[in-house]
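# Summary of structural features
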Amino acid sequence: LTCERYPVRRLPFSVVSEEDLASFERIVPGRVVTDPEELEASNVDWLRTMRGCSKVLLKPRTTEEVSCILRYCHGRNLAVNPQGGNTGLVGGSVPVFDEVILSTALMNQVISFHSVSGTLVCQAGCVLEELSRYVEERGFVVPLDLGAKGSCHIGGNLATNAGGLRLLRYGSLRGTVLGLEAVLADGTVLNCLTSLRKDNTGYDLKQLFIGSEGTLGVITAVSILCPPKPGAVNVAFLGCPGFAEVLQTFSACKGMLGEILSAFEFMDAECMRLVQHHLLLACPVQESPFYVLVETSGSRAEHDAEKLGGFLDQALGSGLVTDGTLATDQRKVKMLWALRERITEALSRDGHVYKYDVSLPLDRLYDLVTDLRARLRPPAKHVVGYGHLGDGNLHLNVTAEAFSAPLLGDLEPYVYEWTAGQRGSVSAEHGVGFRKRGALGYSKPPEALQLMQQLKTLLDPKGILNPYKTLPVQA
Ligand code: FAD
Ligand code: MLT
Ligand code: ZN
């Protein structure tokens, strides 16, 4: 069997039989989904450009159940696709062929929360937004926020090492995750669910699973350090005349806002047109070539508002910014954030999306967009740039009415070569999944790729966990 659109052959895993289904039914009674309509949502990815044909989805509630499922699949040589909220953007979350889907949807219990340290311990299937609500009621925030918060699971966030909108302030999950529990391919439970800030007892094994995209084990529980909820959150939405001014605004922000700066996001005029057109959102400032969203999070509203106001006056006076608006009340803060957070949704309504997520040196970050705009012809419709500027992370997206192979040929490997030329990363935060595994060599040396392969073989010798994903395409 060969996947129609992609040149990949099914590996010789077993095919799920009636006996397997009966065994699954004994492990997770009443939670074995085989109804094709119900399976459809889990076979297709968020971007609707990848489709698997799995015949069964399992919904364990406990680590023990996950362990039994994996031990069974390992014994039977059945491939398994771990799935959280299915919001991944690189085709890692859905099967390529008929892999068994192991969903964390019912593993959604908070295990403990410590109100002095802010340590949250929970199962992997907790939805990010629900966790946020839970800890906010207790005076804390989850150190991670992203546009997919209403659907993505914390286990999926760890598995992809998601970056998102708060990374500038709280750092990556590699720092804020204190411990995790994972089940290995053969069913072994690896309990590293500690809540210690400091633990140098040899290799930091949890890091192997953070960003491993379901290829080394199934994350079943998470311990994460939540910072105190800031007393005041202010947002400024600004229009900038050019990308040079966006960069200077970032420098000015760091200098003038210091410790209260918590996000610095940018989007270009083309993004603004798309959110206006597809989502009917209104632009709150004068039309500009670039827009910047600056967020501050501090402990005293007046102090922060004064600092932000002072910064805006200076930026307007010096011409770095041509127009700007401030928000202190929750409703307006949300409204301004929606312009940035909902770009992904607007793009997906524009047609087929070619999505690139690269790390680049800041002074070259937007050149890739300009370069492609000059290079591409129809059927390319829109070439847009936005992203987490404060983290050096550009989201470059190209839309077309429908998938076009020649357009893909114009984009790849060009985008990857361009990125490698700057010593950038071909995946800043979305991961590798199915889509980017051919591009790994642009960002990692052969020795590193070989070591990745060796680790995979060590932890999952039969290769049953998320096959066809994340690891380099074999020659
Ligand atoms: P899924 O999509 O279900 O799975 C993603 C990968 O993780 C797959 O390879 C899957 O096999 C594996 N996996 C899932 N759960 C587990 C588990 N428990 N154990 C082991 N492996 C597992 N990403 C960012 O980094 N930053 C953003 O700002 C951001 N914004 C987004 C906005 C929108 C609107 C959308 C649709 C996506 C966005 N993403 C972003 C991408 C996506 O939301 C993240 O990758 C998210 O972390 C995926 O979580 P999930 O639960 O949906 O995982
Ligand atoms: C974002 O920052 O909006 C997300 O990473 C999603 C995307 O790149 O579209
Ligand atoms: Zn992003």
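One structure accompanies this document, and this report is about it. (Residues numbered from 1 in each chain as written. Chains lettered and ligands numbered in written order. Predicted model: local features only at pLDDT ≥ 70, side-chain atom pairs only at ≥ 80, totals over all residues. Heavy atoms only, no water.)

## Considering the site of ligand 1
Lining the immediate surroundings of ligand 1 are 35 residues, of which P82, G84, G85, T87 and G88 lie closest. Between ligand 1 and E213 there is a distance of 3.1 Å, counted from an oxygen atom to a backbone nitrogen or oxygen. Interatomic distance of 2.8 Å between a backbone N/O atom of I219 and a nitrogen atom of ligand 1. For the shell around ligand 1, the elements supplying multiple residues, two or more each, are β3 (80-83), α5 (154-160) and β9 (218-225). With four residues, the top contributor of residues to the shell around ligand 1 is α5. For the shell around ligand 1, a count of residues per class yields 10 nonpolar, 23 polar and two charged. (Near = heavy atom within 4 Å. Polar contact = N/O pair within 3.5 Å; in protein donor to acceptor, adjacent residues only side chain to side chain. Helix = DSSP H or I, 4+ residues; strand = E, 2+ residues; numbered from the N terminus. Nonpolar A, V, L, I, M, F, W, Y, C, P; charged D, E, K, R; others polar.)

## Thoughts on helix α10 (residues 269-279)
With respect to burial, α10 is a largely interior element, eight of its 11 residues being buried. Every buried residue of α10 is listed here: A269, E270, C271, M272, L274, V275, H278 and L279. Trailing α10 by a residue or two, L280 shows a phi angle of about 60 degrees, which is positive. (Buried < 20%, exposed > 50% of the residue type's maximum accessible area, 1.4 Å probe, protein only.)

## A few points about the packing of helix α9 (residues 243-257) against helix α11 (residues 301-317)
Packing of α9 against α11 leaves a shortest axis separation of 10 Å and a crossing angle of 145 degrees. Relative to α11, the crossing made by α9 is right-handed. Contacts from T249, A252, C253, M256 and L257 in α9 reach K307, L308, G310, F311 and Q314 in α11. When grouped by side-chain class, the residues that make up the contact of α9 with α11 number six nonpolar, three polar and one charged. (Axes fitted to C-alpha atoms, helices over the stretch in contact; angles between N-to-C directions. Left-handed = near helix turned anticlockwise from the far one by under 90°. Contact = heavy atoms within 4.5 Å.)

## Some thoughts on the coordination of the zinc ion (ligand 3)
Each protein donor to the zinc ion (ligand 3) is listed here as H388 (NE2), H395 (NE2) and E429 (OE); together their distances run 1.9 to 2.1 Å. Counting gaps between the donor residues of the zinc ion (ligand 3) yields the pattern H-x6-H-x33-E. Residue H388 is located in strand β15 (residues 380-388), and its partner E429 is located in the loop between α16 (414-421) and α17 (446-459); the two are separated by 41 residues in the primary sequence. Accessibility assignment for this pair places H388 and E429 in one class, buried. (Donors = N, O, S within 2.8 Å, 3.2 Å for Na, K, Ca; no water.)

## Details of the side chain of D357
The topology assignment puts D357 in strand β14 (residues 352-359). No salt bridge is formed by the buried D357; its nearest oppositely charged neighbour, K436, is found at 5.5 Å. Only 3.4 Å separates the side chain of D357 from the side chain of H395, close enough to count as a polar contact. There is a polar contact of 2.8 Å between the side chain of D357 and the backbone nitrogen of E429. Ignoring anything within four residues of it in the chain, the contact list for D357 reads N393, L394, H395, S425, V426, S427, A428, E429, H430 and K436. (Lys, Arg positive; Asp, Glu negative; His and termini not counted. Salt bridge = Lys/Arg side-chain N within 4 Å of Asp/Glu carboxyl O.)

## A few points about the site of ligand 2
In the vicinity of ligand 2, the contacting residues are L89, R340, T344, K355, Y386, H388, H395, E429 and H430. Between ligand 2 and Y386, the relevant distance is 2.6 Å, taken from an oxygen atom to a side-chain nitrogen or oxygen of the residue. H395 places a polar side-chain atom, nitrogen or oxygen, 3.0 Å from an oxygen atom of ligand 2. Considering only residue class, the shell around ligand 2 consists of two nonpolar, four polar and three charged.

By themselves, these are just geometric observations and shouldn't be taken as functional.
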